[in-house]
Amino acid sequence: MSRTLTRAGRMSAVGAVLIFGASFAFSAGAQTAPAPEGTPPAVAPAPAPTPGPSPARQAIEARKAVFTLIGSNFRPLGNVVKGATPYDAADAQKRIARLAFLAELLNDAFPDVSNTGEPDTKTKAEAWTNRADFDKKLKEFQAHLATLGQVNATEKGATEAFKVAFTAVGQDCKGCHDTYKVK
Amino acid sequence: MTTIDNVNQIPEAEHHQVWDLPVRVFHWTLVGAFIGAYVTNRLGVSYFKYHVWCGYTVIVLVLFRIVWGIVGTRHALFHNFVRGPLETARYAAGLLRGRHQHYPGHNPLGALMVLALLLSLGLQASAGLFGNDEIFNVGPLYGYVSKEVSLQLTSLHRQLFYWIAGAVVLHVLAVIAHHVFKQENLVHAMITGRKPAHGIGGAAHIHASHTWLAVLLSLALTLALAWIVNHAPEPLTDISSL
């Protein structure tokens, strides 16, 4: 007898093909089907944030930068006072103005988070435990800079009054360092 | 027996010369230079020049004393007063037992203090030569080193001071103890150079100070230091115009 599909067999084969084809089409369609309304657009998950300096580190680096600039503006005036370079009115005025601005930045330069101790910072913990005295010294530094500015405006030379006003500022540096900076 | 009461009543003829003039001048000048260095630091930034001068004095004095410890008079020679650990321990133990031990010059413990002070003061002044106060003063040899090295040496200079101060306190207490417990007036001895004969034994006294040699030596050391300081490279000035 020939091996031909019976009527039931033929029906089963057709059904299997239909089911297979339908599921194939269905899965294909599912991949390009638009998302239902309200779902956020599908994006790749965000990469982990690259590790950067901690807030403490940033504060410490920032204030070191401020002090570096204070030094580079203070030293030329020191050379004038020592007699190593001649006095120049415009230069002195520029330096003192910059020092006054930089000194103001120090008001925000010692947040509590930056009290991390050595070796990160050379500021001693006493600067926070004795904050009132520390702030007082900072205010004196700013006040003596203002005085230096006024004296410079009137004297316009490396006179005795200029040297006295300059030395007062230098003493503020040393006094604060002796107490609140690691030796 | 000599007591505190009669130590000054021993006739001068019975005092013998132990310390030469150079050693005595060295000692008291060093005291002045050390105190001067401390005071000029406390007085502030405008006294830095004098602080450096005190440091120069310490360097010349320490170097002088080291050389004098080789070519000087009898009791100034290191060879004659620096003792090994065994004898030093024996001396210390003897002190505690109240044994009478007389050394004409420095006793073994005193020798340790001499060495400790010479080394620490020499190191202190040398480190200071390269210092940077991070305000506007730098040491005379700052141009030879990087800023990092200078700040390390400055830090050493600041911290070593406390050790030296501690040694000085110990030294003063020891001298007072000698006066109170051993009836030895060491301050008087370091000013006049003379000690009671019975305490120092027969032929231990010196006859001459050779001061001329000390003066020549000090002069040579001063000139050498001056030459070094004057030939130091200039420190780099701030290049940035910020």
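So, here is what we can say about the structure in this document. In this text the structure is predicted, and so the values were computed from the model without any measurement.

### So, the nonpolar core
Moving on, step 1. Grouped together as the largest cluster of nonpolar side chains are 26 residues, with contacts concentrated most on Leu-77, Leu-99, Leu-145, Leu-148, Phe-166 and Val-169 of chain A.
Moving on, step 2. Looking at this core, the elements that each hand over two or more residues are α2 (55-82), α3 (89-105), α5 (131-155) and α6 (160-180) of chain A together with α2 (48-71) of chain B.
Moving on, step 3. In terms of residues, this core owes the most to one element, α6 of chain A, which gives six residues.
Moving on, step 4. Each residue touching Leu-77 of chain A, except ones within four places of it in the same chain, is listed here: Ala-92, Arg-95 and Phe-166 of chain A.
Moving on, step 5. Ala-33, Val-62, Leu-63 and Leu-121 of chain B belong to the second-largest nonpolar core, a separate cluster that totals 23 residues.

### Quick notes on the interface of chain A and chain B
Moving on, step 1. Contacts between the two partners involve twelve residues from chain A, matched on the other side by twelve residues from chain B.
Moving on, step 2. At the level of elements, α2 and α6 of chain A are the ones that each hand at least two residues to the side of chain A that touches chain B.
Moving on, step 3. Counting residues per element, the side of chain A that touches chain B draws most heavily on α2 of chain A, at six residues.
Moving on, step 4. For the side of chain A that touches chain B, the class distribution of residues is three nonpolar, six polar and three charged.

### Some remarks on the environment of Thr-211 of chain B
Residue and element names in this part refer to chain B.
Moving on, step 1. Of note, Thr-211 is situated in helix α9 (residues 211-230).
Moving on, step 2. On the basis of neighbour count, Thr-211 is assigned to the exposed category, with 12 C-beta atoms found within 10 Å.
Moving on, step 3. Each C-alpha atom of the pair Thr-211 and Leu-21 lies 6.7 Å from the other, and the pair is 190 residues apart in sequence.

Analysis parameters
- Residues numbered from 1 in each chain as written.
- Chains lettered and ligands numbered in written order.
- Predicted model: local features only at pLDDT ≥ 70, side-chain atom pairs only at ≥ 80, totals over all residues.
- Core = buried A, V, L, I, M, F, W, Y, C linked by C-beta atoms within 7 Å.
- Buried ≥ 20, exposed ≤ 12 C-beta atoms within 10 Å, placed from the backbone.
- Helix = DSSP H or I, 4+ residues; strand = E, 2+ residues; numbered from the N terminus.
- Contact = placed C-beta atoms within 7 Å.
- Nonpolar A, V, L, I, M, F, W, Y, C, P; charged D, E, K, R; others polar.

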